[in-house]
Amino acid sequence: MYLSVENATKTFGKFTALDDVSISIEKGEFVCLLGPSGCGKTTLLRIIAGLTETDAGTVSVEGETLSNLPARKRGFGIVFQSYSLFPNMTVAENIGYGLKIRGAPGDRIAARVRELLDLIKMPTLADKFPAQLSGGQQQRIALARAIAVDPRVLLLDEPLSALDAKVRADLRGEIRHLQRSLGIPTLMVTHDQEEALALADKIICMNHGTVVQAGPPEDLYHRPATRFVADFMGTSNLIETDVIRRVQPRLLQTRPNGADAEYIACIRPEHIDLTPDAEGPATVRDISFLGNLKRLDLDSPLGPLQVETHGVDMFSPGDRLSLAIAPDHCVWVRDDLTGAGA
Amino acid sequence: MTQATLPRPIPSRGAKSARFDGDKALALICVGVPLLGLVLFFLYPMAIVFLRSITTADGAYGLSNYAEVLGSSGFWRATRHSMVMGGATTLLSVTLGFIIAHGLYRCAFRGKRLIRAVIILPLLAPSLVQALGLIFLLGRNGLVNQIFGIEMEIYGFWGLLIANTLYALPQAVMIIGAALVLLDARTYEAAEVMGASPLLQFRDLTLPAARFGILNAAFVVFIITITDFGNAAVIGGDYSVLATEIYAQVIGQRNFNMGAVVGIMLLLPTVAAYAIERRAMRLQGRQPANAQRFVPSFAPLRDLPMAGLSLLICLAVLSVIAIVFYASFVRLWPYNMSLTLKHYNITLAGGYSSLWVTTWISLAAAAGGTFLVFLLAVGLRRAPAILVQPLQVLAAMPAAVPGMVLGLAYILTFNSTATPLYLLYGTAALIGIVNFYHYHTQAFLTVMTGFRQLPEALEEAASSLGAGLGRVAVNIIAPFVAPMLISVFFFLFMRSMVTLSAVVFLTTPDLSVAAVTIMRLDDAGLTSQAAAFSCAVMAVVVAALFGMKAVLAYLGHRTGSGSVG
């Protein structure tokens, strides 16, 4: 365990931002803090950075407690959503600032800056000022500035959220590549589940100031622990126990024991097989074209369903069809929204 | 692939031990030093002036001074005059100011740069220059009487009203203009698409948007008018106002305690007006981040009359200043109108020495003052939340105190051998200090505007890179707010160059400042030399103004912030 946060609690007035949260990051690991706005993920990142004080709990790196250490003495790197380059400094001065503070000699700083500019593939921008750069360029520089000092931990606070879709995808790949090759333990805050799935070794899913589920992306997607995770990580069809029992009792075989309200069935849209069937129980209500696939909205005995297919134009609205769901594709999750299972 | 090319910085171990935090000490100094200044050079003198107002002739405390002042008809006449003058000037100045501001920001015609340049002229000279100009223009020996033979009595109410109106006009234009600029162009476009006529747009969009600006401007103009001394001294004649009444009590009758009472009485309406103005300001609201600037298109019915009116007002402002310039070259006004430079050879009242002294004092006040408000603003960012609000209120208080009252407070405080502060009496340093604290509020608020635009993430990014408060202040904050600091520096410099009311009590036979010299020259009947000296002061201030524009342009150009986003 390289970095760990234990029992962190933080309130702002009456609002509880973090409620007894513990997380850990291994050496070289890329961890995403994922959750809706207000779930406490940014507060947790700021506490790790030393920019916000905890009410209770500890932050430690390699067993050393950091709780009393101000941000400037932690030796971490941070990148914000808002780029936050120093507007009065050139690109080179921005990147070299951390080294300058550490008293590194000028030629060494210059060499490191050149190296980093090559690394982020922007070797010609050294003498530009931030205001002369695009958002994507600025965020690359901010990234270079953060890793210039070989930080013990790299903290990314929604670094891609302010960027255009195309730039975002490019930079996402680059962050991944850089993190892998440098091996810096990294914690990224995001509300974008796709981003988290693509980047993380481990996702920590948060809601209402607590950790709901933590694990590899595949685990969170295929085996969500709660209704919140199932809903937040991609699209899912959530169907209550009594409906399943009435319509598709076969699917009950994977269900853990518990009251009806405690668990709910989660079926991903890509796990429902469709067959055209004039006598079938389901009807196509609407079809959305999503490029590489189609999303069908169905009316069925299970209630409204969303189904994704890669198939050719087999269906049109009003068509009747029959459904097939494999029991191992029906995941039973705790219903944490009704409160019964929580 | 790059590996660690530098040894990793080793954060000091042993985080658990309570250790000295340099940042906290520095933050304490940042708050402490400016706070000490405010206490010593603002709160303490103000307490003294209050104490002196309740000190009776035999040295006991009592309200007999107040009884005496309130019982005198002279005081009530001066109070009535001050209020009437304040009200009339406010009405006139705000009306004219709205016309100019509306023309500048809501109409389309050429020559706006010229209007902007002309309209700020009164700020570049001591206030009594308006009065001087009016005398040259409309006085018994004035140009109008010489040419048209129309004799009018310029000394008194009407002269003072015009002088005050012109003097307050720049502020009115700036405040109302700032309110008009706030309104998003998209709002007008939405109204246009919905079918609102230009007149309806004016009534339903422009006027409500400017409402608080107008209110705000009204109170500022009112304060400027009732606290101004220069115009009242030169052109007021028999029309006594509270500011001249204080002067008469202190300088004329050497009656400091009575002066203190009148000062306190002048403080009351000023504080009230200032409190309301601050509230109005808060109500005005902020411009949305993505607002589009309104670009008016030409509409003859609206723009031609507005352009004409603006031109007339500008002519009035310009002519009063220009005639002073002209008169400074006239050999013997009005008998020999040939031109000469002889008035610039000033030998009386200490010659030009007071101009150079004033320049140095102003530079020092500007440099020291800018540094102190910067320190305070930095300190406020790190100060405990419980201290921030009271400190901000204290820092914003000096604006409510008329210059005459502050100057009186200084003479009562520093001309007393009771404390070592006596050492400051009669020094140029004290004049610099009074100038800074007189304009402390405006300087502080300007810097705070800059600080509010500073994203917290910048500081946090620097902290994460290892920068302490000192480095953050010097490398990150100072460059970011540099335009504000430069504005504050030149604002303090220019105000110090021309201010009269606060310093009039603090000059000695050995140490005078420019505005006082002009007043003395005028008192001695050397009007042409007073005009020449005014022009010399204006030359210095205009040079400073161009200096400021050059520095700001250079800064904007350097970081490229002028060209992109």
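Predicted model only: the values in this text are computed from it and were never measured.

(A) The overall build of chain A, seen in detail. When its secondary structure is counted, chain A shows nine helices and 18 strands. Judged by the C-alpha coordinates and their principal axes, chain A covers about 80 × 45 × 35 Å. With 342 residues in all, chain A has 54% of them scored as buried. Summarising the internal contacts of chain A: among those between residues at least 6 apart in sequence, 68% fall at separations of at least 24.

(B) Layout of the overall build of chain B. When helices and strands are tallied, chain B shows 23 helices and two strands. Based on the C-alpha atoms only, the size of chain B along its principal axes is roughly 90 × 70 × 45 Å. When the 565 residues of chain B are sorted by exposure, 55% land in the buried category. Long-range pairs, those at least 24 residues apart, make up 79% of the contacts in chain B between residues at least 6 apart in sequence. For chain B, the exposed surface amounts to about 25,100 Å²; the carbon and sulfur share of it is 67%.

(C) Focus on the sheet that holds strand β8 (residues 186-190) of chain A. Residue and element names in this part refer to chain A. Strand order in the open sheet formed by six strands is β6-β7-β8-β3-β9-β10, with mixed pairing between adjacent strands. Two strands bound the open sheet, and with one partner strand each, they are β6 (77-79) and β10 (210-215). Sheet twist, expressed as the average angle between the axes of neighbouring strands with direction ignored, equals 15°. By the bridge criterion, five bridges tie strand β3 (residues 30-34) to β8 in an arrangement that is parallel. Counterpart to C32 in the pairing with β8 is M188. Against the sheet, helix α5 (residues 165-182) contacts β3, β7 (154-157) and β8, and its axis sits at roughly 135° relative to β3.

(D) Structural context of the UniProt feature "domain: ABC transmembrane type-1" (unreviewed entry) in chain B. Residue and element names in this part refer to chain B. UniProt marks residues 79-277 and 355-546 with the feature "domain: ABC transmembrane type-1" (unreviewed entry), using the numbering shown here. Along residues 79-277, the helical share is 78% and the strand share 0%, with 21 Å between the first and last C-alpha atoms. Note that residues 355-546 is 75% helix and 0% strand, and that its end C-alpha atoms are spaced 19 Å apart.

(E) Structural view of helix α3 (residues 106-119) of chain A. Residues and elements named next belong to chain A. Taking 1.5 Å of rise per residue, 14 residues should cover 20 Å, and α3 covers 20 Å from first to last C-alpha, within 8% of that figure. What α3 keeps buried is the set I109, R112, V113, L116, L117 and L119. Each buried residue of α3 lies within a common arc of 150° when the element is viewed along its axis, so the set occupies one face. With respect to the buried face of α3, the exposed residues turned more than 90 degrees away are D107 and R114. Two residues or fewer after α3 comes K121, characterised by a positive phi angle close to 60°.

(F) Fine view of the pairing of strand β16 (residues 303-309) of chain A. Most of β16(A) is tucked away: five of the seven residues are buried. Here strand β15 (residues 294-300) of chain A folds back onto β16(A), and the loop between the two strands holds two residues.

(G) Representation of the environment of B:N145 in the model. All names here are of chain B. On the secondary structure map, N145 appears in helix α6 (residues 143-148). A residue is classified by how much of its surface remains accessible, and N145, at 13% relative accessible area, is buried. Filtering out sequence-adjacent residues up to four positions away, N145 remains in contact with G139, R140, I150 and E151. A polar atom in the side chain of N145 sits 3.5 Å from the backbone nitrogen of I150.

(H) Structural context of a positive patch on the surface. A contiguous patch of positive charge on the surface is contributed by B:R113, B:R116, B:R293 and B:K549. As for its placement among the helices and strands, B:R113 is situated in helix α4 (residues 112-119).

(I) Structural context of the nonpolar core. With 206 residues, the main nonpolar core has B:L408 and B:Y410 as its most contacted residues. For this core, the leading source of residues is helix α23 (residues 527-558) of chain B, giving 13 residues. Among all residues touching B:L408, those that are not within four sequence positions of it are B:V49, B:I246, B:V250, B:F256, B:G259, B:A260 and B:F505. Ranked by size, the runner-up nonpolar core spans 46 residues in total, among them A:C32, A:M122, A:V149 and A:L178.

(J) Representation of empty space enclosed by the protein in the model. All names here are of chain B. Summed over all chains, the structure comprises four cavities of 30 Å³ or more. In this structure, the largest cavity occupies an estimated 60 Å³ of space. If you go around the largest cavity, the residues you meet are S82, M85, L160, N164, T225, I226, D228, A232, V241 and A243. Those elements that provide at least two residues to the lining of the largest cavity are α3 (73-106), α7 (157-181) and α9 (198-227). In terms of residue class, the lining of the largest cavity is made up of six nonpolar, three polar and one charged.

(K) Local environment of the packing of aromatic side chains. Counting across every chain of the model gives 20 aromatic pairs over all chains. Plain terms: the ring middles of B:Y247 and B:F505 are 6.2 Å apart, the flat faces sit at 25° to each other, and that makes the pair stacked. Pair noted here: B:Y247 is in helix α11 (residues 242-252) and B:F505 is in the loop between α21 (482-498) and α22 (514-523), with a separation of 258 residues, a long-range link. Plain terms: the ring middles of B:Y439 and B:F491 are 5.8 Å apart, the flat faces sit at 90° to each other, and that makes the pair edge-to-face. Of the two residues, B:Y439 sits in the loop between α17 (428-438) and α18 (440-453) while B:F491 sits in helix α21, which places them 52 residues apart along the sequence. On the basis of relative accessible area, B:Y439 is assigned to the buried category, the value being 11%. For B:F491, a relative accessible area of 26% gives the class partly exposed. Put simply, the rings of B:F41, B:Y410, B:F414, B:F436 and B:Y437 pair up and form one aromatic cluster. Lying over the aromatic face of A:F86, A:R145 brings its terminal NZ or CZ to 4.4 Å of the ring centre.

(L) View of α4(B). Residue and element names in this part refer to chain B. Taken as a whole, α4 has its buried residues at K112, I115, V118 and I119. In an axial view of α4, the angular spread of the buried residues amounts to 125°, which keeps them on one side of the axis. More than 90 degrees from the buried face of α4, the exposed residues found are R113 and L114.

(M) Examining the side chain of A:D150 more closely. You can see A:D150 is positioned in the loop between α4 (135-147) and β7. Looking at A:D150, its side chain comes within polar contact range of the side chain of A:R112, at 3.0 Å.

(N) Molecular detail of the pairing of β10(A). Residues and elements named next belong to chain A. As paired elements, strand β9 (residues 202-207) and β10 share five bridges and run antiparallel to each other. From the neighbouring strand, C205 faces β10, where its bridge partner is Q213. In sequence, β9 turns back onto β10 through a hairpin of two residues, with H208 there showing a positive phi of about 50°.

(O) Region of the structure containing the sheet that holds β15(A). Residue and element names in this part refer to chain A. If you walk across this open sheet you meet the five strands as β13-β17-β14-β15-β16, and the pairing is antiparallel. The open sheet terminates on both sides in strands that have one partner only, identified here as β13 (272-276) and β16. Direction aside, neighbouring strands of the sheet carry axes that sit 40° apart on average. Here strand β14 (residues 282-289) pairs with β15 via six bridges, running antiparallel. Considered in β15, the bridge of T283 is made with D299.

(P) Highlighting a nonpolar patch on the surface. Among the surface-exposed residues, B:V39, B:L43, B:V393 and B:M397 lie close enough to one another that they form a single nonpolar patch of about 280 Å² accessible area. The residue B:V39 is located in helix α1 (residues 22-53) in this model.

(Q) How the structure looks around the environment of B:N475. Topologically, B:N475 is positioned in helix α20 (residues 469-480). With 13 residues separating them in the primary sequence, B:N475 and B:A462 have C-alpha atoms 9.1 Å apart. Ignoring anything within four residues of it in the chain, the contact list for B:N475 reads A:N88, A:M89 and A:Y97.

(R) Looking closely at the confidence of the model for chain B. Residues and elements named next belong to chain B. The predicted model of chain B averages 88 in pLDDT, with 94% of residues at 70 or higher. Mean pLDDT across the elements of chain B ranges from a minimum in helix α8 (residues 185-193), with 80, to a maximum in α17, with 96. Low pLDDT, under 50, characterises residues 1-19; the predicted model gives this stretch 41 contacts beyond four residues in sequence or across chains. At the level of chain-chain contacts, confidence expressed as ipTM amounts to 0.79, with global pTM at 0.83.

Conventions and cut-offs
- Residues numbered from 1 in each chain as written.
- Chains lettered and ligands numbered in written order.
- Predicted model: local features only at pLDDT ≥ 70, side-chain atom pairs only at ≥ 80, totals over all residues.
- Heavy atoms only, no water.
- Helix = DSSP H or I, 4+ residues; strand = E, 2+ residues; numbered from the N terminus.
- Buried < 20%, exposed > 50% of the residue type's maximum accessible area, 1.4 Å probe, protein only.
- Contact = heavy atoms within 4.5 Å.
- Areas by Shrake-Rupley, 256 points an atom, 1.4 Å probe, with all protein chains shown as cover.
- Pairing = 2+ DSSP bridges.
- Axes fitted to C-alpha atoms, helices over the stretch in contact; angles between N-to-C directions.
- UniProt positions renumbered as here; feature names shortened; annotations may be inferred.
- Expected span 1.5 Å × (residues − 1).
- Arc of directions from axis to C-beta.
- Polar contact = N/O pair within 3.5 Å; in protein donor to acceptor, adjacent residues only side chain to side chain.
- Patch = residues over 30% accessible without salt bridge, like charges linked within 9 Å, V, L, I, M, F, W, Y side chains within 5 Å.
- Salt bridge = Lys/Arg side-chain N within 4 Å of Asp/Glu carboxyl O.
- Lys, Arg positive; Asp, Glu negative; His and termini not counted.
- Charge placed at Lys NZ, Arg CZ, Asp CG, Glu CD.
- Core = buried A, V, L, I, M, F, W, Y, C linked by side-chain atoms within 4.5 Å.
- 1 Å grid on protein atoms, 1.4 Å probe; cavity = no way out; pocket = protein on both sides within 12 Å on 5 of 7 lines; lining within 4 Å.
- Points joined across faces, edges and corners; volume = space filled by probe spheres on them.
- Nonpolar A, V, L, I, M, F, W, Y, C, P; charged D, E, K, R; others polar.
- Phe/Tyr/Trp six-rings, centres within 6.5 Å; stacked < 30°, edge-to-face > 60°.
- Lys NZ or Arg CZ within 6 Å of the ring centre and 35° of its normal.
- pLDDT = per-residue confidence, 0-100.

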